[in-house]
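Architecture and fold: a report
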Amino acid sequence: MSLLRYAHTIYKYNDFVDLFFGACRFFSKSGLFEKGIIDAHHRLTRSGDRVVIVGGGDGVTAVAAAKRVGRNGSVHVYEGGDRAVDQLNALCSQEGVSQICTIHHAVVGPHIDVYGGDFASAAHVGPDEIFACDVLELDCEGSEVAILRSLAIRPRVIIVEIHPFLFSEEPTWVLHQLNELGYRIVYRSGHDGIEINDVDMQKLLLRSKKCGVIYLKNGARSPVVVAAVRKR
């Protein structure tokens, strides 16, 4: 029954035309999870950069970032789930980037929707304690709001996967906060790297306030990924 309720929720909050054509295009392209963040790193992360990732997940973005920065750079990953930490370490070893990537079993900010195992033994890091870096990636399931609100560093690039249904603020809060912090959005896409314009970005953000899985006709789906560069 839970699967039926989940399917009903997706149907209820999606536009039928967008859902039908978007899902067909998504599955026909065999969408790659986290490709939005990976593409943002390919465009904006440089050799020698210091990268900090909040929410390491299955590790694919950490590996992508590590291969961009090379051995003169560094990648620090905060991950709350103990099982995910083990998977991250194993993947980094397998991909030959263990000397570049440092994995921290820690939750940054509030633990709104930590998955990937138990986080009871994880350290707790305040948003104002994040390491200084050139590129900051936030894929932290709603904690992006608290982190951006208390961020003490000003990296050159901030990449955010936005989860409006997991925070109480307006769906576009992250966009406004990035602007307030002095950043300009230069890249926007769905979760799987299909680029979108401002109108589609607003549509995905607003609709995903009620439901975490929203499709557009072009195959883009929530959550929205944005990358912003410091204006000065």
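For the structure, check the block above.
The numbering scheme is per chain: residues are counted from 1 as the chain's sequence reads. The predicted nature of this model means local features are confined to residues of pLDDT at least 70 and side-chain atom pairs, given and counted, to a pLDDT of 80 or more, with totals for whole chains, interfaces and linings taken over all residues. Neither water nor hydrogens contribute to the side-chain values; these are computed over all heavy atoms in the structure.

The strands making up a sheet associate through hydrogen bonds between their backbones, and the pairing can be parallel or antiparallel. Only strands joined by at least two bridges in the DSSP assignment are considered to pair. For the purposes of this entry, the term helix denotes a DSSP run of H or I that reaches at least four residues, the term strand denotes a run of E that reaches at least two, and both are numbered from the N terminus. Strand order in this open sheet of 8 strands is β4-β3-β2-β1-β5-β6-β8-β7, and the pairing throughout is mixed. Both outer strands of the open sheet, β4 (123-125) and β7 (183-189), are each paired with one neighbouring strand and no more. Strand after strand, the sheet turns through a mean of 25 degrees between neighbouring axes, direction not considered. As paired elements, strand β5 (residues 135-138) and strand β6 (residues 157-162) share 4 bridges and run parallel to each other. Its bridge partner lying in β6, leucine 138 is registered against valine 160. A fitted line through C-alpha atoms serves as each axis, taken over the contacting stretch for helices, and the angle formed by two N-to-C directions is quoted from 0 to 180°.

Moving on, we get to the packing of helix α3 (residues 35-44) against helix α4 (residues 60-69). At their nearest, the axes of α3 and α4 sit 9 Å apart, and the two run at 10 degrees to each other. One finds that α3 runs roughly parallel with respect to α4. Here Ile37, Ile38, His41 and His42 of α3 lie close against α4, whose contacting residues are Val60, Thr61, Ala64, Ala65 and Arg68. Convention used here: angles under 35 degrees read as roughly parallel, angles over 145 as roughly antiparallel, angles from 65 to 115 as roughly perpendicular, and any remaining angle as oblique. Any two residues whose heavy atoms approach within 4.5 Å at even a single point are treated as in contact.

Together, Arg154, Arg184, Lys231 and Arg232 line one region of the surface with positive charge. As for its placement among the helices and strands, arginine 232 is situated in the segment after β8 (224-230). The class for arginine 232 is exposed, based on a relative accessible area of 71%. Residues qualify for a patch when their relative accessible area is over 30% and they have no salt bridge, like charges being joined within 9 Å and the nonpolar side chains of Val, Leu, Ile, Met, Phe, Trp and Tyr within 5 Å. Only the protein chains shown count as cover for residues, and the accessible areas themselves come from Shrake-Rupley with a 1.4 Å probe. Basic side-chain nitrogens of Lys or Arg form a salt bridge, by our definition, when they fall within 4 Å of a carboxyl oxygen of Asp or Glu. Positive residues here are Lys and Arg, negative ones are Asp and Glu, while His and the chain termini are left out of the count. One atom stands in for each charge, and that atom is NZ of Lys, CZ of Arg, CG of Asp or CD of Glu. Here's how the labels work: a residue is buried when its accessible area is under 20% of the maximum for its type, exposed when over 50%, partly exposed in between, all with a 1.4 Å probe on protein chains only.

Let us look at the packing of aromatic side chains. Stacked, edge-to-face and tilted are the three classes for Phe, Tyr and Trp ring pairs, Trp counted by its six-membered ring, which pair at centre distances within 6.5 Å; planes under 30 degrees apart are stacked, over 60 edge-to-face, the rest tilted. In total, this model carries 1 aromatic pair according to the counting rule given. A centroid spacing of 6.0 Å and a plane angle of 20 degrees characterise the contact between tyrosine 78 and phenylalanine 131, whose relative ring orientation is stacked. Linking tyrosine 78 in strand β2 (residues 74-79) with phenylalanine 131 in the loop between β4 and β5, this pair joins segments that are 53 residues apart in sequence. Using a relative accessible area of 4% as the deciding quantity, one classes tyrosine 78 as buried.

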